[in-house]
Amino acid sequence: MDKVKTSPTIRKQLNSWLKAGVMENGIFSTNTNEGTPQGGVISPLLANIALHGMEERIKQFAETLKGRKTENRYALSLIRYADDFVIIHDDINVILTCQKIIAEWLSDIGLELKPSKTKLTHTLNEYSGNVGFEFLGFHVQQHEVGNYRCSNNTNGIPLGFKTLITPSKPKIKAHLAKITEVIDTHKTAPQAALISKLNPIIRGWSNYYSTVVSKETFSKCDYLTYGKLRAWARARGKGSINKDKYWRTVGDRNWCFSTENGLELRNHAATPIIRHVKVKGNANPYNGDWIYWSKRRGEYPETPTRVSKLLKEQKGICPHCGLYFTSTDTVEVDHITPKSLGGKDEYKNLQLLHRHCHDTKTASDGSLTKSYDDNPF
């Protein structure tokens, strides 16, 4: 709590959460005197508070190395997400020293590194049997390439390698296992039920990896999913596959797993690869630069296409109140002329509004009720 240098309201809320107690099956069972329940919603926040300062401790060590302090701070990186982190530097001795410093720093707050999840590796050459590293479901590795394809350093000198970030093999395996489980548990279910269950799984997983080198992985997942669906169809056909019953040609897609009424199974490869664009170093969601954040929000890969298009057309401005959308606003798609009054579901009749602006507009435009197909995101 001493690390939380913020408003008294937030400190009071954190104290309340920490002492809230434990509920089991909807019944209050015990007070919280120490720790928090495993998997609790507050755990990531507490991890961020407890581990705050770790990066600065590493940067302080970097300043003690030979050379210019600013260059040394830049060369040594610590990237952390909650309680998962990696330390990157081009000297193995610096990394080993960092490991000792982090172990000591954690011991002061009663924590320790988990040996099974702590390893040393090189991103280009094999080290202790490892090449590259896994982080948040991604595999990061460098590959030797020619000077025309390789990356350059800050001085424009070719490095001789290129960094590729791909979905990690364990996550691919787990995703395919999930698809297999769904197909196996829907052996007797209607095709529509199977498609409805698989589509959210495929969409969510593909969107998560849509900013990295995933095209080949997506195609592989589609191929293996197709094999599972063939087995599913063969089991239902008592050894034979009725292609025309389960697969159709839809648009430019041949062998599209779909129903007669047009419900299609989503392909992994249909998800476009849109590279992640880093946030500007001096950008801050609280510095009032709403134009930057509203424009960036429209470019975010997981933003629905309709919302992204409306954001760009409106230049990040809510037409009802005239204010820019911020990164924390809840927005909704609104029909300018309500559908209940004859308005059509087309782009020229759509606008993006703040949720509270949408409520105000709906109450005064003569429509019967807010249309709940205009889902917020």
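Scroll up for the structure.
What this report covers is the structure whose coordinates are included nearby.

The rules we used
Residues numbered from 1 in each chain as written. Predicted model: local features only at pLDDT ≥ 70, side-chain atom pairs only at ≥ 80, totals over all residues. Heavy atoms only, no water. Buried < 20%, exposed > 50% of the residue type's maximum accessible area, 1.4 Å probe, protein only. Helix = DSSP H or I, 4+ residues; strand = E, 2+ residues; numbered from the N terminus. Pairing = 2+ DSSP bridges. Contact = heavy atoms within 4.5 Å. Axes fitted to C-alpha atoms, helices over the stretch in contact; angles between N-to-C directions. Parallel < 35°, antiparallel > 145°, perpendicular 65-115°, else oblique. Left-handed = near helix turned anticlockwise from the far one by under 90°. Nonpolar A, V, L, I, M, F, W, Y, C, P; charged D, E, K, R; others polar. Phe/Tyr/Trp six-rings, centres within 6.5 Å; stacked < 30°, edge-to-face > 60°. Lys NZ or Arg CZ within 6 Å of the ring centre and 35° of its normal.

Counting buried residues along strand β11 (residues 350-354), five of its five residues qualify, which places the element largely inside the surrounding structure. Bridging between strand β10 (residues 331-335) and β11 involves five bridges; their strand directions are antiparallel. Within β11, the position partnered with Val 331 by the bridge is His 354.

So, about the side chain of His 354. Looking at where His 354 falls in the secondary structure, it is placed in strand β11. Ignoring anything within four residues of it in the chain, the contact list for His 354 reads Cys 318, Cys 321, Leu 323, Tyr 324, Phe 325, Asp 329, Thr 330 and Val 331.

Two measures define how a pair of helices packs: the angle their axes make with one another and the distance between the axes. One way to put it is that helix α3 (residues 54-62) packs onto helix α5 (residues 92-107) with a least axis distance of 10 Å and a crossing angle of 135°. With respect to α5, the element α3 is oriented oblique. As α3 packs across α5, the resulting crossing turns out to be right-handed. Packed against α3, whose contacting residues are Met 54, Arg 57, Ile 58 and Phe 61, the element α5 presents Val 94, Thr 97, Cys 98, Ile 101, Ile 102, Trp 105 and Leu 106 at the interface. When the residues that make up the contact of α3 with α5 are grouped by side-chain class, the tally is nine nonpolar, one polar and one charged.

Below, the discussion takes up the sheet that holds strand β7 (residues 161-167). Pairing is antiparallel across the open sheet formed by three strands, whose spatial order is β5-β6-β7. Of all the strands in the sheet, just β5 (133-135) and β7 have a single pairing partner and so form its edges. Each strand of the sheet is rotated relative to its neighbour by a mean of 30°, with strand direction disregarded. Bridge count for strand β6 (residues 138-144) against β7 is seven bridges, and the pairing is antiparallel. Counterpart to Gln 141 in the pairing with β7 is Leu 164.

Most of β6 sits inside the fold, with five of its seven residues counted as buried. Where β5 hands over to β6, the hairpin turn is made up of two residues, of which Leu 136 adopts a positive phi near 55°.

Per the stated rule, a full pass over the model turns up 12 aromatic pairs. Here Tyr 208 and Tyr 209 contribute two aromatic rings whose centre-to-centre distance is 4.9 Å and whose plane-to-plane angle is 90°, an arrangement assigned as edge-to-face. Ring centres 5.7 Å apart and planes at 75° place the aromatic pair Trp 232 and Phe 257 in the edge-to-face group. Of this pair, Trp 232 sits in helix α8 (residues 215-236) while Phe 257 sits in strand β9 (residues 253-257), and the two are 25 residues apart along the sequence. For Trp 232, a relative accessible area of 4% puts it in the buried group. The side chain of Lys 309 reaches across the aromatic face of Tyr 347, ending 4.0 Å from its centre.

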